[in-house]
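Report on the structure
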Amino acid sequence: MNIAEILSSYAQCALQDLGVSSTITVSAKPSLREALGDYQIDAIIPIAKQLRLPPRQLAEHVVEQMQTSEAVSQMVDEFSVAGAGFINIRLRTAWLANAVSALANDPRLGVAIQPATHIVIDYSSPNVAKEMHVGHLRSTIIGDASVRTLTFLGHKVTRVNHIGDWGTQFGMLIAHLEEVDRKDLLSLSDLEGFYRDAKKRYDQDPIFSRQARNYVVKLQQGDDYCRKMWRQLVDISMQQNQQNYDRLGVSLTPADIRGESAYNAMLPVIVDDLLERHIAQEEQGAVVVYLDDYKNKQGEAMGVLIRKQDGGYLYTTTDIACAKYRYQTLHADRILYYVDARQHQHLMMAWAIVRKAGYVPERVSLEHHKFGMMLDKQGQPFKTREGGTIKLSELLTEAVSRATRLIEQKSPQITGPELTELATIIGIGAVKYADLSKNRTTDYIFDWDSMLSFEGNTAPYIQYAGARIRSLLDKAHQQGLEWQGGEGLCFTTGEERALVIAILQLEERLTLVARDGMPNIMCQYLYDLASLFSRFYAHLPILVHSDVDQRKSRLYLADITGRVLALGLSTLGIGLPERM
Ligand code: ARG
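Computed from a predicted model, the values in this text were never measured in an experiment.

**Considerations on the overall build of the chain**
In terms of regular secondary structure, the chain is built from 22 helices and 13 strands. Taken over the C-alpha atoms alone, the chain extends approximately 85 × 70 × 40 Å along its principal axes. Residue pairs in contact within the chain that sit at least 24 positions apart in sequence constitute 72% of those at least 6 positions apart.

**With respect to the nonpolar core**
The biggest cluster of nonpolar side chains holds 140 residues, and the ones touching the most others in it are Ala11, Ile44, Val62, Ala323 and Ala430. Beyond its immediate sequence surroundings of up to four residues, Ala323 is in contact with Ile335, Ala350, Trp351, Val354, Tyr359, Val360 and Leu366. If you look at the next biggest cluster of nonpolar residues, it comprises 22 residues, including Met172, Ala175, Tyr215 and Trp230.

**A short note on the UniProt feature "domain: DALR anticodon binding" (unreviewed entry) in the chain**
Within this numbering scheme, the UniProt entry marks residues 462-580 as carrying the feature "domain: DALR anticodon binding" (unreviewed entry). In the segment residues 462-580, helix accounts for 70% and strand for 0%; the C-alpha atoms at its two ends are 11 Å apart.

**Regarding the domain arrangement of the chain**
Quite often, the size of an interface is put as the accessible area lost when its parts meet. By domain assignment, the chain separates into domain 1 (3-91), domain 2 (118-256 + 315-368), domain 3 (392-451) and domain 4 (459-572). One C-alpha centre belongs to domain 2, the other to domain 4, and the line joining them spans 42 Å. Facing nine residues of domain 2, the contacting portion of domain 4 comprises seven residues. Ranked by residue count, the leading element in the side of domain 2 that touches domain 4 is helix H6 (residues 134-152), at seven residues. Split into classes, the residues belonging to the side of domain 2 that touches domain 4 amount to six nonpolar, two polar and one charged.

**Examining the sheet that holds strand E4 (residues 86-91)**
What links the strands of a sheet is backbone hydrogen bonding, and the strands pair in either a parallel or an antiparallel sense. Read across the open sheet, the four strands follow the order E1-E2-E4-E3; overall the sheet is antiparallel. Across the chains shown, the open sheet's two edge strands, defined by having one partner strand only, are strand E1 (28-30) and strand E3 (76-82). Put simply, the sheet's adjacent strands are angled 25° from each other on average, direction ignored. Across three bridges, strand E2 (residues 39-41) lies against E4 in antiparallel orientation. Within the sheet, the bridge partner assigned to Ile41 lies in E4 and is Ile87. Against the sheet, helix H3 (residues 55-67) contacts E3 and E4, and its axis sits at roughly 170° relative to E3.

**Looking at the packing of helix H2 (residues 44-51) against H3**
Contact geometry of H2 with H3 gives a least axis separation of 9 Å together with a crossing angle of 115°. By the angle class used here, H2 and H3 are roughly perpendicular. Regarding H2 and H3, the two cross each other, and that crossing is right-handed. Residues Ile44, Ile45, Ile47 and Ala48 of H2 pack against Pro55, Leu58, Ala59 and Val62 of H3.

**Overview of the pairing of strand E11 (residues 365-368)**
The side chains of a regular strand alternate between the sheet's two faces. Residues Leu366 and His368 of E11 are buried on one face, while the alternating residues Ser365 and Glu367, pointing to the opposite face, are not. Bridge count for strand E10 (residues 334-337) against E11 is four bridges, and the pairing is parallel. Bridge pairing in E11 links Leu336 to Glu367. At this point the chain moves from E10, through helix H14 (residues 344-356), to the parallel E11, and the crossover so formed is right-handed.

**Brief notes about the UniProt feature "domain: Arginyl tRNA synthetase N-terminal" (unreviewed entry) in the chain**
Per the UniProt annotation, the sites labelled "domain: Arginyl tRNA synthetase N-terminal" (unreviewed entry) are residues 1-91. The annotated region residues 1-91 carries 46% helix and 21% strand content, and the separation between its end C-alpha atoms amounts to 14 Å.

**Things to note about the packing of helix H18 (residues 459-478) against helix H22 (residues 548-572)**
Packed helices, taken two at a time, are described by the angle between their axes plus the distance between the axes. Here H18 crosses H22 at 145°, and the two axes come no closer than 9 Å. Considering the relative orientation of H18 and H22, their crossing is left-handed. In contact with Ile462, Ala465, Gly466, Ile469, Arg470, Leu472, Leu473 and Ala476 of H18, H22 contributes Leu555, Ala558, Asp559, Thr561, Gly562, Leu565, Ala566 and Leu569. When the residues that make up the contact of H18 with H22 are grouped by side-chain class, the tally is 11 nonpolar, three polar and two charged.

**Here we look at the site of the ligand**
Taken together, Asp122, Ser125, Pro126, Asn127, His162, Gly164, Asp319, Cys322, Tyr337 and Val339 are the residues near the ligand. Broken down by class, the residue content of the shell around the ligand amounts to four nonpolar, four polar and two charged.

**So, H22**
The terminal C-alpha atoms of H22, which comprises 25 residues, lie 36 Å apart, in line with the 36 Å expected from a rise of 1.5 Å per residue. Across the 25 residues that make up H22, a large majority, 18, are buried. Among the residues trailing H22, Gly573 stands out with phi positive, at a value near 75°.

**Description of the sheet that holds strand E8 (residues 286-295)**
The three strands are arranged E7-E8-E9 in an open sheet whose pairing can be described as antiparallel. Bordering the open sheet on either side are strand E7 (280-283) and strand E9 (301-307), each of which pairs with just one other strand. Ignoring strand direction, the axes of neighbouring strands in this sheet form an average angle of 45°. Across four bridges, E7 lies against E8 in antiparallel orientation. Each bridged residue has a counterpart across the sheet, and for Gln281 the counterpart in E8 is Val288. This element, helix H12 (residues 266-276), spans E7, E8 and E9 of the sheet and lies at about 95° to E7.

The rules we used
- Residues numbered from 1 in each chain as written.
- Predicted model: local features only at pLDDT ≥ 70, side-chain atom pairs only at ≥ 80, totals over all residues.
- Helix = DSSP H or I, 4+ residues; strand = E, 2+ residues; numbered from the N terminus.
- Contact = placed C-beta atoms within 7 Å.
- Core = buried A, V, L, I, M, F, W, Y, C linked by C-beta atoms within 7 Å.
- Buried ≥ 20, exposed ≤ 12 C-beta atoms within 10 Å, placed from the backbone.
- UniProt positions renumbered as here; feature names shortened; annotations may be inferred.
- Domains from an automatic or database assignment.
- Nonpolar A, V, L, I, M, F, W, Y, C, P; charged D, E, K, R; others polar.
- Pairing = 2+ DSSP bridges.
- Axes fitted to C-alpha atoms, helices over the stretch in contact; angles between N-to-C directions.
- Parallel < 35°, antiparallel > 145°, perpendicular 65-115°, else oblique.
- Left-handed = near helix turned anticlockwise from the far one by under 90°.
- Right-handed = clockwise from strand over helix to strand, strands pointing away.
- Near = placed C-beta within 6 Å.
- Expected span 1.5 Å × (residues − 1).

Encoded structure:
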């Protein structure tokens, strides 16, 4: 059920009936001011300008034309034309009641399955032999919400964890790995320390650094021993990362890993191809592509290096190869990258080369779904007190222990395994939601107190609304009360009406999240829905209502609201506890 889309199509038909070309499109959207109507169409004004017609008059004609349709009059109670030519629409309460009662036995809650496309999503993508830090948290959480949303809408989604598993640092890591105690190897819990030690020796010990450089060359040549050592490093690292994914409830698995190294064989072929077709050129032994759209300060076309003088390839070369692979081998229709905003220019340049070479056709979109940095309360990059990076695993442990303390204060009757489970759902949910609910394009301030608050646009607020619904329905069951959808639902108050409309907007919002990769749209929706439910719950008698039909209708609404909250949270990868 997508009310905006239904109304848009009716308005579109009306315009066409009035002789307006079908290339001119019009769309309806939820009204920002409840008092004016439920939906509004404001695109009539620019259309009228384009057609050189008085906008109000065109709006009135569109309304008259729409009213001739039987379907429209069943759905719409009242049209009004306001201001310069805005069309306000009030929906019929009977139509709303019918629409919401039809959701009773629908596990998808009215959300249609979209025509399937194949979408490749690059997310998380940490670097090997480095502990995942909070910076990777955003990509992992936001990317996974996008995966879940698109999958729910019926698309085929391929997750790709494009890990940084290649580069010259592996020479020193292998040399160092040779010397650490074998027993410690598999429990290499302090990867950060391992990396630091290797680097220190590389900088200080000439024999060590010679060996390290030797191993880089051997690794690149495919030497068995070096590859085996490299594999071990990758495996240990990714086993640790997998623990973070599992704790976070993120859907990535080892099967989704396809790191930078997987594209090695493609790199020389691509560089040769670009040289041959004069897209790239040799310059003092290196290979460079000049892009007209990228100029330096002097206004000269900027060169993008794709092969170094020593024959080594770059991060850009790999990204050219991986985009090509995602289209030509995986047959993606759309390719999304959840990558730090600071890599925007890098991706834009790599893709400009990809397009220039025709490796990915224009109809397949390459989208950088960028995100800002995670900052502390003072607006500084998120660091430990000593200035080090905060490890993701430690952050998650803290989230769960803070949630435990919170529950112990609020609900001391919850103990034992139930407390552990609930603290995980609330703690992890709060961290994820805090990130998801902000517009991802800006930096975001990580603040324990606000994310674990029961007030405002937070996970606990929404989870609490869900738990309250659950306990209301349990009570109703205990009292032997019944409710179902279907015929005979009656909604008489403004509180009920607003709640019904919000429930019916689930698909509208999911579609926006899917289009823009902006889970904050879903968070805002769930927050609004939970707030509307609170108003409904606070103002209207439910269990004690003497009128059986009204009581049933209200219980049904509570039930459906709970199911929308659960479904919405599930598209974000967040759980809904049974009680709190
Ligand atoms: N490994 C990179 C980093 O940690 C992110 C990779 C993003 N994906 C890509 N195709 N470049 O910064």
